[in-house]
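Examination of the molecular architecture
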Amino acid sequence: MLKTLEFTYGDGKLALDFPEDFLAGDVVRPKPSKAKSTERELEAMIDDALAHPHDSPRLKDMVEGKSVALVISDEFRAGLQRLILDRMLVEIHAGRPSKIGVFVATGSHDPKYYAKNITDWFNRSCEFHGIRAELFANECDSGEHVYLGDTSLGSPVEFWDKYMEYEVRAYGHESKHHYMNGYSIIDKQVMPGISSRKTIAACHKFALESDYSLAGRHPFHADPNRQRNPFAQGATDARHLSEKLILKDGKLQKADLPIFALDMISTKTSIDWILAGNPDEVCRRMTAAADELAAFELPRMPYVVISPGGPPACNALYGVQNCFDMALKGAIQPGGEALILAPCSGRPDLPEEVRGLAPDGKSKKLFWDNLCCFLQQPLDDALKHIDENFELYLWKTDRVLKLMRKEGVRMHLFSNLPPEVVEKGGFTPVENPQAWIDERAARGDGLCRAVDDGNKMLILGE
């Protein structure tokens with residue numbers, strides 16, 4: 001008997017048939033979201049969370065006569081940032097602050113692409129509600145960052161100097177599991193979000209500790225066995241350090257600043273979990289909520305068919321790699337075979353040699369070009385070179401190399417990329433995914449795990 005399973009492929013769906021005796025259960029995907037809500041209903045949920053904060057006064061009661069910095073995520077993720085921005089601006093404005101600054105946590109991303117729509121949302125909200133505020137987007141190479149100190153692991157912390165001048169710090173965020181930080185958490189909005197390249201690179205090097213800096217591990221997790229994560233520790237330390245300092249007249253001074261967070265787990269049409277209040281308490285409760293909604297403990301299988309999900313997760317191999325850490329690593333046995341379903345069509349404005357591989361030329365060079373090069377070298381030599389010459393994006397190369405060469409996982413890719421390009425990166429191009437499934441099912445030597453939306457879940461292999 002055959003069973004038809006649907007996988008997300010770009011903006012559409014791809015239906016594939018599996019013999020039932022070849023499948024290791026139904027397709028794994030995040031638990032169904034709550035029923036779709038209207039925009040007004042979503043706004044009401046956010047307003048209710050802001051009106052009933054946990055372990056904290058209301059945000060509007062913190063800000064009278066003070067300057068307020070609101071940090072929001074950039075456009076790398078799809079979600080409800082527009083509503084978060086709008087409702088938090090309204091909440092802050094109601095408290096009569098002296099000024100409002102909105103800081104887009106672009107990190108090392110190009111603000112021209114990752115803050116473009118946010119600028120429009122910001123302008124519309126300010127005009128509609130009669131709010132006066134300024135909008136800033138981090139440029140990590142601007143030289144406008146101030147040194148705050150070091151993390152507990154010795155990484156330098158340099159934050160945007162404009163941000164450090166504000167007297168109240170507020171965060172508006174959407175969470176999920178994260179391939180490196182354990183969870184996408186408000187700490188990431190400041191490191192790397194509003195950090196210098198030096199700080200971003202120093203913390204990202206901890207991603208090379210790939211047995212610990214990975215999804216589902218974080219200092220805020222309730223399970224002591226899942227608290228060690230050096231990458232996440234750096235981001236948490238950086239946020240805590242920044243919340244005790246303010247920049248006045250060009251000099252850092254110690255201060256006990258009011259802080260506030262709004263976090264949620266959401267889709268474009270639903271909010272599945274939401275909480276506002278004390279940032280640390282919000283983060284602790286979020287990790288439990290994320291695990292409840294999208295974490296799975298499953299036996300590893302010799303075969304895995306996986307989709308990272310729709311755009312932007314499937315746009316380029318640079319982003320598709322995230323689901324290797326999130327789901328594939330925990331789902332597949334060492335020496336197994338994986339079929340990745342991702343069109344990798346890329347942005348049309350990118351050069352042809354970059355499109356579908358990475359979001360820009362620099363990340364393509366560091367991630368993809370190095371992967372192609374290091375595959376020709378002994379693994380130990382390649383990993384040593386990465387460690388000694390670390391730059392941003394090389395951690396992705398490190399992890400793909402380990403998956404292919406250390407774990408022995410054979411990676412097959414169904415995409416729109418030219419076959420000769422795919423092969424250079426150690427992947428085997430697949431023209432017919434159904435034939436791939438049929439061939440492996442006929443072998444009779446093991447079961448297949450089917451995974452959809454692999455960039456939005458955590459699979460912990462048993």
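Residues numbered from 1 in each chain as written. Predicted model: local features only at pLDDT ≥ 70, side-chain atom pairs only at ≥ 80, totals over all residues. Heavy atoms only, no water.

Looking now at the overall build of the chain. Of regular secondary structure, the chain possesses 15 helices and 21 strands. For 462 residues, the compact-globule estimate of 2.2 N^0.38 gives 23 Å, and the C-alpha radius of gyration of the chain, at 22 Å, lies within 12% of that figure. Evaluated residue by residue, the chain yields a buried proportion of 58% over its 462 residues. Carbon and sulfur atoms make up 48% of the accessible area of the chain, which amounts to about 19,200 Å² in all. Here the chain holds 56 positive side-chain charges and 69 negative ones, and the gap between their average locations is 2 Å. (Helix = DSSP H or I, 4+ residues; strand = E, 2+ residues; numbered from the N terminus. Rg over C-alpha atoms; globule rule 2.2 N^0.38 Å. Buried < 20%, exposed > 50% of the residue type's maximum accessible area, 1.4 Å probe, protein only. Areas by Shrake-Rupley, 256 points an atom, 1.4 Å probe, with all protein chains shown as cover. Lys, Arg positive; Asp, Glu negative; His and termini not counted. Charge placed at Lys NZ, Arg CZ, Asp CG, Glu CD.)

Across five bridges, the pairing between strand β6 (residues 145-150) and strand β7 (residues 156-160) is antiparallel. By the bridge assignment for β7, valine 146 is matched with phenylalanine 159. Adjacent in sequence and paired antiparallel, β6 and β7 are bridged by five residues, among which glycine 154 carries a positive phi angle near 90 degrees. (Pairing = 2+ DSSP bridges.)

The packing of two helices is summarised by the inter-axis angle and the distance between the axes. At a closest axis distance of 11 Å, the pairing of helix α10 (residues 317-331) and helix α13 (residues 394-406) adopts a crossing angle of 50 degrees. Taken together, the axes of α10 and α13 are oblique relative to one another. Like other packed secondary-structure pairs, α10 and α13 cross with a definite hand, here left-handed. Within the contact between the two elements, α10 uses Tyr318, Gln321, Asn322, Phe324, Asp325 and Leu328 and α13 uses Trp395, Lys396, Arg399, Val400 and Leu403. Classifying every residue of the contact of α10 with α13 gives six nonpolar, two polar and three charged. (Axes fitted to C-alpha atoms, helices over the stretch in contact; angles between N-to-C directions. Parallel < 35°, antiparallel > 145°, perpendicular 65-115°, else oblique. Left-handed = near helix turned anticlockwise from the far one by under 90°. Contact = heavy atoms within 4.5 Å. Nonpolar A, V, L, I, M, F, W, Y, C, P; charged D, E, K, R; others polar.)

Turning next to the pattern of salt bridges. Taken as a whole and assessed by the stated rule, the structure comprises 25 salt bridges. Between aspartate 141 and arginine 197 there is a salt bridge, and its shortest N-O distance comes to 2.8 Å. Linking aspartate 141 in the loop between β5 (134-137) and β6 with arginine 197 in helix α7 (residues 197-204), this pair joins segments that are 56 residues apart in sequence. Under the relative-accessibility criterion, aspartate 141 is labelled exposed at 55%. In this structure arginine 197 comes out as partly exposed when scored by relative accessible area, which is 22%. Three or more residues joined by partner-sharing salt bridges are found here, namely Glu337, Arg410, Glu439, Arg440 and Arg443. (Salt bridge = Lys/Arg side-chain N within 4 Å of Asp/Glu carboxyl O.)

Given a rise of 1.5 Å per residue, 13 residues ought to cover 18 Å, and the 17 Å separating the end C-alpha atoms of α13 matches this to within 8%. With eleven of 13 residues buried, α13 lies mostly within the body of the structure. The complete set of buried residues in α13 reads Leu394, Trp395, Lys396, Thr397, Asp398, Arg399, Val400, Leu401, Lys402, Leu403 and Met404. If you follow the buried residues of α13, they end up packed against α7, α10, α11 (361-374), α12 (379-388) and β18 (410-414). Glycine 408 lies just past α13 and shows a positive phi near 70 degrees. (Expected span 1.5 Å × (residues − 1).)

Right, let's get into the sheet that holds strand β13 (residues 259-266). Pairing in this open sheet of six strands is mixed, and the strands run β5-β4-β3-β8-β13-β14 from one edge to the other. This sheet does not close on itself; its edge strands, each paired only once, are β5 and β14 (271-277). Averaged over all pairs of adjacent strands, the angle between their axes in this sheet comes to 15 degrees, without regard to strand direction. Where β13 lies against β14, six bridges are found, and the strand directions are antiparallel. For leucine 262, the partnering residue across the bridge sits in β14 and is alanine 276.

Read across the sheet, five strands follow the order β19-β18-β17-β16-β20 without closing on themselves; strand pairing throughout is parallel. Each edge of the sheet is formed by a strand with only one pairing partner; in this case those strands are β19 (428-429) and β20 (448-451). Of the pairings in the sheet, the one linking strand β16 (residues 301-306) to β20 comprises four bridges and is parallel in character. Within β20, the position partnered with isoleucine 306 by the bridge is valine 451. Of the strands in this sheet, β16, β17 (332-341), β18 and β20 are in contact with α10, which crosses β17 at around 140 degrees. Set on the sheet, helix α15 (residues 433-443) makes contact with β16, β17 and β18; between it and β17 the angle comes to about 155 degrees.

Right, let's talk about the side chain of histidine 218 for a bit. Secondary-structure assignment places histidine 218 in the loop between α7 and α8 (230-242). Excluding residues that lie within four positions of it along the chain, histidine 218 makes contacts with Asn181, Tyr183, Ile185, Asp187, Arg226, Gln227, Asn229, Ala232 and Thr236.

Counting buried residues in β18 gives four out of five residues, a clear majority hidden from the surface. Pairing geometry for β17 and β18, over five bridges, is parallel. Its bridge partner lying in β18, glutamate 337 is registered against arginine 410. Bridging between β18 and β19 involves two bridges; their strand directions are parallel. Residue pairing across strands places histidine 412 opposite threonine 428, the latter belonging to β19. Following the backbone out of β18, through helix α14 (residues 419-424) and into the adjacent parallel β19, one traces a crossover that is right-handed. (Right-handed = clockwise from strand over helix to strand, strands pointing away.)

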